[in-house]
Amino acid sequence: MRCTRIHVSCLRSLQTKGSSNLQRVNHSPPRKATAGRQPDAMTFSLTESDIVKWNVAITNHMRNGQCESAMRLFNSMPRRSSVSWNTMISGYLSNNRFDLAHQLFVKMPNRDLVSWNVMISGYVRNGKLRDARLLFDKMPDRDTVSWNAMLSGYAQNGYVDEARRIFDKMPNKNSISWNGLLAAYVHNGRIEDAQRLFESKADWDVVSWNCLMGGYLKKRRLVDARRVFDQMPLRDEVSWNTMISGYAQISELSEAKRLFVESPVKDVYAWTSMVSGYVQKGMLEEARKYFDKMPEKNSVSWNAMIAGYSQCKRMDLARELFEVMPCRNVSSWNTMVTGYAESGDIAHAREFFNMMPQRDCISWAAIIAGYAHIGHSEEALRLFLDMKRDGERLNMSTLTCILSTCANIAALELGKQMHGRLVKAGFGSGCYVGNALLAMYCKCGDIEEAHDVFKGISEKDVVSWNTIIAGFARHGFGKEALNLFESMKRAGIKPDDVTMVGVLSACSHTGLVERGTEYFYSMGDDYGLTANSKHYTCMIDLLGRAGRLYDAHSLMKNMPFEPDAATWGALLGASRIHGDTELGEKAAEMIFKMEPDNAGMYVLLSNLYAGSGRWGDAGKMRLKMRDSGVRKVPGYSWIEVQNKIHMFSVGDSTHPECGRIYAYLEDLDFLMKKEGYVSSTKLVLHDVEEEEKEHMLKYHSEKLAIAFGILTIPSGRPIRVIKNLRVCADCHTAFKYISKIVGRVIILRDCHRFHHFKDGFCSCGDYW
DNA sequence: GTAGGGTTAG
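Analysis parameters
Residues numbered from 1 in each chain as written. Chains lettered and ligands numbered in written order. Predicted model: local features only at pLDDT ≥ 70, side-chain atom pairs only at ≥ 80, totals over all residues. Heavy atoms only, no water. Helix = DSSP H or I, 4+ residues; strand = E, 2+ residues; numbered from the N terminus. Contact = heavy atoms within 4.5 Å. Areas by Shrake-Rupley, 256 points an atom, 1.4 Å probe, with all protein chains shown as cover. Salt bridge = Lys/Arg side-chain N within 4 Å of Asp/Glu carboxyl O. Buried < 20%, exposed > 50% of the residue type's maximum accessible area, 1.4 Å probe, protein only. Phe/Tyr/Trp six-rings, centres within 6.5 Å; stacked < 30°, edge-to-face > 60°. Lys NZ or Arg CZ within 6 Å of the ring centre and 35° of its normal. Polar contact = N/O pair within 3.5 Å; in protein donor to acceptor, adjacent residues only side chain to side chain. Pairing = 2+ DSSP bridges. Axes fitted to C-alpha atoms, helices over the stretch in contact; angles between N-to-C directions. Core = buried A, V, L, I, M, F, W, Y, C linked by side-chain atoms within 4.5 Å. Parallel < 35°, antiparallel > 145°, perpendicular 65-115°, else oblique. Left-handed = near helix turned anticlockwise from the far one by under 90°. Nonpolar A, V, L, I, M, F, W, Y, C, P; charged D, E, K, R; others polar. Arc of directions from axis to C-beta. UniProt positions renumbered as here; feature names shortened; annotations may be inferred. Right-handed = clockwise from strand over helix to strand, strands pointing away.

Draft legend 1. Molecular detail of the overall build of chain A. Each helix and strand counted, chain A has 42 helices and six strands in total. Counted over contacts in chain A with a minimum sequence separation of 6, partners at least 24 positions apart contribute 60%. By element, 52% of the accessible surface of chain A is carried by carbon and sulfur atoms, the whole surface being about 37,000 Å².

Draft legend 2. Broad picture of the pattern of salt bridges. Enumeration over the complete set of coordinates arrives at 35 salt bridges. The shortest N-O distance in the salt bridge between R350 and E379 comes to 3.1 Å. On the criterion of sequence distance, the pair formed by R350 in helix α22 (residues 346-355) and E379 in helix α24 (residues 377-389) is long-range, its members being 29 residues apart. Here R350 falls in the partly exposed class, since its relative accessible area comes to 21%. On the basis of relative accessible area, E379 is assigned to the buried category, the value being 18%. For R548, the salt bridge goes to D551, with nearest N and O atoms at 2.8 Å. Among the ionic contacts, a cluster of salt bridges with common partners joins R226, D230, E255, R258 and E262.

Draft legend 3. The arrangement of the packing of aromatic side chains in detail. Counted by the stated rule, this structure contains 32 aromatic pairs. Seen in terms of ring centroids, F520 and Y536 are 5.2 Å apart; in terms of plane orientation they differ by 80 degrees. Their pairing is edge-to-face. Of this pair, F520 sits in helix α32 (residues 513-527) while Y536 sits in helix α33 (residues 533-545), placing them 16 residues apart in sequence. For the pair formed by F520 and Y536, the shared burial category is buried. Each member of the aromatic cluster is reached from another via a ring pair, and the members are F167, W178, F198, W204 and W209. Over the aromatic face of F454 sits the side chain of K460, whose NZ or CZ is 5.2 Å from the ring centroid.

Draft legend 4. Structural view of the side chain of S332. Structurally, S332 can be placed in helix α21 (residues 330-342). Within the structure, the side chain of S332 is placed 2.8 Å from the side chain of N303, a separation counted as a polar contact. At 2.9 Å, the side chain of S332 forms a polar contact with the side chain of N329. Contact partners of S332, with chain neighbours within four places excluded, come to N303, F322, M325 and C327.

Draft legend 5. Geometry of unusual backbone geometry. Positive phi values are uncommon outside glycine, yet S251 reaches one of about 65 degrees. Summarising the element assignment, S251 is placed in the loop between α15 (237-249) and α16 (253-262). Located in the positive-phi region is D759, a residue other than glycine, with phi close to 50 degrees. Locating D759 in the fold gives a position in the loop between β5 (754-758) and β6 (761-762).

Draft legend 6. Region of the structure containing the sheet that holds strand β1 (residues 636-641). Read from one edge to the other, the open sheet built from six strands follows the order β2-β1-β3-β4-β5-β6, with strand pairing classed as mixed. Taken across any chain shown, the strands that pair with only one partner, and hence form the sheet edges, are β2 (644-649) and β6. Bridging between β1 and strand β3 (residues 719-723) involves three bridges; their strand directions are antiparallel. Each residue of the ladder has a partner; that of I639, found in β3, is V721. Packed onto the sheet, helix α41 (residues 701-712) meets β1, β2, β3 and β4 (746-749) and runs at close to 15 degrees relative to β1.

Draft legend 7. How the structure looks around the nonpolar core. If you look at the biggest cluster of nonpolar residues, it comprises 197 residues, and the most contacted ones within it are I89, I120, V275 and M440. Those residues in contact with I89, other than ones at most four positions away along the chain, are A101, L104, F105, M108, V118 and M119. Of all hydrophobic cores here, the second largest spans 33 residues; its members include V641, L668, C728 and C762.

Draft legend 8. Spotlight on the environment of Y92. In this fold, Y92 is placed in helix α5 (residues 82-94). Its relative accessible area of 5% is what places Y92 among the buried residues. Put simply, Y92 and L104 are twelve residues apart on the chain and 9.5 Å apart in space, counted from C-alpha to C-alpha. Sequence-distant contacts of Y92, defined by excluding residues within four places in its chain, comprise M62, C67, M71, R97, L100, A101 and L104.

Draft legend 9. Up close: the packing of helix α11 (residues 175-187) against helix α12 (residues 191-199). Their axes nearest at 7 Å, the elements α11 and α12 cross at an angle of 155 degrees. When the axis of α11 is compared with that of α12, the two are roughly antiparallel. α11 and α12 meet at a crossing whose hand is left-handed. In this structure, α11 contributes W178, L181, L182, Y185 and V186 to the contact, and α12 contributes I191, D193, A194, L197 and F198. The residue makeup of the contact of α11 with α12, split by class, is nine nonpolar, no polar and one charged.

Draft legend 10. Fine view of α16. Taken residue by residue, α16 has L253, E255, A256, L259 and F260 as its buried positions. Seen end-on, α16 carries its buried residues on one side only, within an arc spanning 160 degrees. Of the exposed residues in α16, the ones pointing more than 90 degrees away from its buried face are S254 and V261. Structurally, α16 contributes buried residues whose contacts are with α14 (222-231), α15, α17 (268-280) and α18 (284-293).

Draft legend 11. Fine view of the UniProt feature "repeat: PPR" (unreviewed entry) in chain A. The sites that carry the UniProt feature "repeat: PPR" (unreviewed entry) are, in the present numbering, residues 81-111, 112-142, 143-177, 205-239, 267-301, 329-363 and 461-495. Helix makes up 74% of residues 143-177 and strand 0%, whereas the separation of the span's terminal C-alpha atoms amounts to 12 Å. The span residues 461-495 carries 74% helix and 0% strand; its end-to-end C-alpha distance comes to 10 Å.

Draft legend 12. Broad picture of the pairing of β4. The side-chain alternation of β4 yields two buried faces, one formed by I746 and L748 and the other by I747 and R749. Of the strand pairs in this sheet, β3 and β4 are connected by four bridges, and their pairing is parallel. Looking across to β4, one finds that I722 is bridged to R749. Pairing of β4 with β5 involves four bridges; the strand directions are antiparallel. Bridged to I746 within β5 is F757. Hairpin geometry of β4 and β5 is characterised by an intervening segment of four residues between the two adjacent antiparallel strands.

Draft legend 13. View of the side chain of H535. Summarising the element assignment, H535 is placed in helix α33. We classify H535 as buried; its relative accessible area is 0%. When neighbours within four sequence positions are excluded, H535 is seen to be in contact with D497, M500, V501, L504, F520, M523 and T530.

Draft legend 14. A look at the environment of G127. Here G127 lies in the loop between α7 (113-125) and α8 (129-138). Through-space distance from the C-alpha of G127 to that of Q156 is 8.6 Å; in sequence the pair is 29 residues apart.

Draft legend 15. Spatial organisation of the pairing of β3. Among the five residues in β3, five count as buried, and that is most of the element. The β-α-β motif built from β3, the intervening helix α42 (residues 729-742) and the parallel element β4 has right-handed crossover chirality.

Right, dumping it as structure tokens:
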């Protein structure tokens, strides 16, 4: 994109003196040359034309990212025109060398209006709006280009109101200004405002019509988009392509194909839209047919096809194409990194990431998300810091991606910093970011802040409601979750299947058996929803926990589909709580058949045996686990202290503060026993001597993390700890005592739910 | 030097 811009300007300056007769290929009206653009080109002497050749060479070097050789050329020029200076500045800006651009700008002997505009638009292109605005306010004269550059900067970065203020203040407006404001509304989802603006005047050009049409498509308002398409007085290839891709992207491929055939201009955009349409529907053969038939391909077309293979986890085919494609760019690399990351092959993802000749924010977001996805959050966070060190600019999407990483590892402080940055950058109240923030606070255990963020989202969608309902449910505030569910319905948002999972799990986590049963059986009548396996699993969990194992089992037998491992897992969990070894064995047997690698199930079953004193069977489970090559996921806990994540495993001796932590745990142990605490050795997996068992319980990872938290986090603030497995019953009891003894709130997230310990009680009501 | 369409993240 950036290069094209330099390219066009360079052609245009050659064109001005008649040496070339290039015609624009597309059908849009020729762009008017701005006043003040012509003068130096009018009287070209031989040396002037030599200067032009130098300038063209500089442009080419800059386009290839060779800033140093461009600078050498510039320095060796016998004479320089203002165009030479501006070309250098603009080249630097396109290559993100902002300081160098600014230095040249300051040094430039006869700065013209264009130099100022080059600087401003360079900053704007890279989202550096404050720098742009500083120059804009300082510049001696402004023309329409200057105003438009600022306007589009605000428009593209979500500052709709500031864009409007600029628009209102402009002394002269051209069609670009009007389109800038229109785009401001469209890009920020304010389609109604765009529509009103559009209706307020008559002489819109084809760009405006296309923009409005694109806005409707973005909102998936296909009928409105089509109406615009049918009504527009003039269509260019962009109009056709926008409409074709609109149909293609909602998988209306027959209509897309019809328009494609009908369209008078089938350029590379149109072909690529068709490829991508079939790719999105997973119809790879059809996509490949279009891809092979394309008269010309560019990197985007190749990328679309590669993305198709990578989305279907056919990384072999993706790689084959990647290796033969003639024009790889950052996106091609990003597509490969993403593809590998999403198919769980983080090693290859990392290999490609490391090999990339250039990276952008998407590359970083992709690899970070890759690590976050497989739970390697430490590495994700390390990469985030590397990214900042690399000077990669944070945009809304990267921030959103980092937010979800923070959420996964419950890095609340870091998440809060991200929140601050989002607000500062003006991304605060949007639904997309709002939902990510909401999820982050929920997963980090700060349900109050989550609720505040939720209240601040101006346009709550079904995802916002689902997130907060599930959030309250997981924190054990079932009544609040159900109240929100009622408000949601009052607000006119239709509950979907995800909502109902949240609602049912709220009932399950709170023990509201009757109410849950009612919701479950009225889902179809009330909201037209069919229960899926997740809903059944919630119900089996709900009944099972309440001790109604028989009902749970018969509900499962009457399911309209085969139970999956998660459903059996709910039954196994309930069997363990209520000591029904026979049912537990049956459930475990089924799970082993379905997921022979599920280490958690071996542990659950082994615990079930151990709990009823069947040490022999518990031992057999361990052997079976070892023989089948399944390894138990080691339990670990982590806690964030002063922006740093500290991780602990059972009996950990690697932490620098180990000595203090163990000594403190001894003190706590003494105090707890004085209060009546007895360690429940029953639930330790291993078959060992009583004393040793107690020793192991004492140093479970969550205990170490919480002790460290009490020692380092100032009093008055809650201790937030995360555990990757379910918290053990002994730790759970201990934390109730500890919360009372030290007078602290302890918030523990295990893989299942949240526990808020306060004054000797837990929010789960010992029901988890 | 300023505006609209197709690929990659979320």
